[in-house]
Amino acid sequence: MATRNIIIEGNPTLAKKSRSVTSFDERLATLIDDMKETLVQANGVGLAAPQVGVLRRVVVVDLGEEIIELVNPRILEQSGEQDGLEGCLSVPEKFGMVKRPNYVKVEAQDRHGDWFEYEGEELIARCFCHELEHLDGHLYTERAYRMLTQEEYEDMVRQEKEQEEKA
Ligand code: NI
């Protein structure tokens, strides 16, 4: 396994539509393993293949106890609404307020091509929506109704640091 470089907002690859995966081969397995390692090292929640410069429909999401792999994912059902802060590894040091469904059910293939369904609420639902949009060339910043100011961002980072020190 190896980590890959995460590309940043402004790179034209992030605005392109990814193609479906059709070969469930060693190359796909290596891409997924590398994406997992890259996600863990970057301390992120989710990562989509275009963020490492690969225009294929592959997403990894860290659920805490495991990292799930979604190949050719699509949303089957969604309901409810949540409103909250969102960030992206390709948009460093920025956060914005985004409304998302509170519940999402996706179907996807695993690295062997077998289909499965997965459902999640709150952060998981938010993450699925965010990552799947990367596959169509969209960033959350297009959807955010408000971005945090530099001052608000710095306050947030300071508060997180204080909480970590208390813990
Ligand atoms: Ni992102």
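Analysis parameters
The residue numbers shown here count from 1 along each chain, following its written sequence. pLDDT decides what is reported in this predicted model: residues at 70 or higher carry local features, side-chain atom pairs at 80 or more are listed and counted, and totals for whole chains, interfaces and linings draw on all residues regardless. Note: side-chain values were computed over all heavy atoms of the structure, leaving out hydrogens and water. In this description, the term disulfide denotes a pair of cysteine sulfurs within 2.5 Å. Only nitrogen, oxygen and sulfur atoms qualify as donors, provided they sit within 2.8 Å of the metal or within 3.2 Å for Na, K and Ca; with water excluded from the atoms, sites may seem incomplete. Helix numbers and strand numbers start at the N terminus; a helix is a DSSP run of H or I with at least 4 residues, a strand a run of E with at least 2. Exposure is judged per residue with a 1.4 Å probe applied to protein chains only, and the accessible area is read against the type maximum: over 50% gives exposed, under 20% gives buried, and values in between give partly exposed. DSSP-based pairing: two strands are paired if at least 2 bridges between them are found. By definition, residues are in contact when any of their heavy atoms lie within 4.5 Å. Here an axis means a line fitted to C-alpha atoms, over the contact stretch when the element is a helix, while the angle between two N-to-C directions is reported on a 0 to 180 degree scale.

On to the state of the cysteines, then. With the rule as written, the count across this model stands at 0 disulfides. Not part of a disulfide, C127 finds its nearest cysteine sulfur in C129, a span of 9.3 Å.

Listed as protein donors to the nickel ion are C88 (SG), H130 (NE2) and H134 (NE2); their distances from the metal cover 2.1 to 2.3 Å. Read in sequence order, the donor residues for the nickel ion give the motif C-x41-H-x3-H. Pair noted here: H130 and H134 are both in helix α2 (residues 123–134), with a separation of 4 residues, about one helical turn. On the basis of relative accessibility, which here comes to 1%, the residue H134 falls in the buried class.

Taken in spatial order, the 3 strands make up an open sheet running β4-β5-β8, and their pairing is antiparallel. Taken across any chain shown, the strands that pair with only one partner, and hence form the sheet edges, are β4 (82–88) and β8 (146–147). Contacts between α2 and the sheet are confined to β4 and β5 (91–100), with β4 contributing the most and set at about 50° to the helix.

Before going further, it helps to examine unusual backbone geometry. If you check the backbone angles, N43 has positive phi at about 60° while not being a glycine. Along the chain, N43 falls in the loop between α1 (26–42) and β1 (46–48). Overall, N43 belongs to the exposed group, its relative accessible area being 72%. One non-glycine residue, E93, lies in the positive phi region at around 60°. When you line up the elements, E93 lands in strand β5. We classify E93 as exposed; its relative accessible area is 56%.

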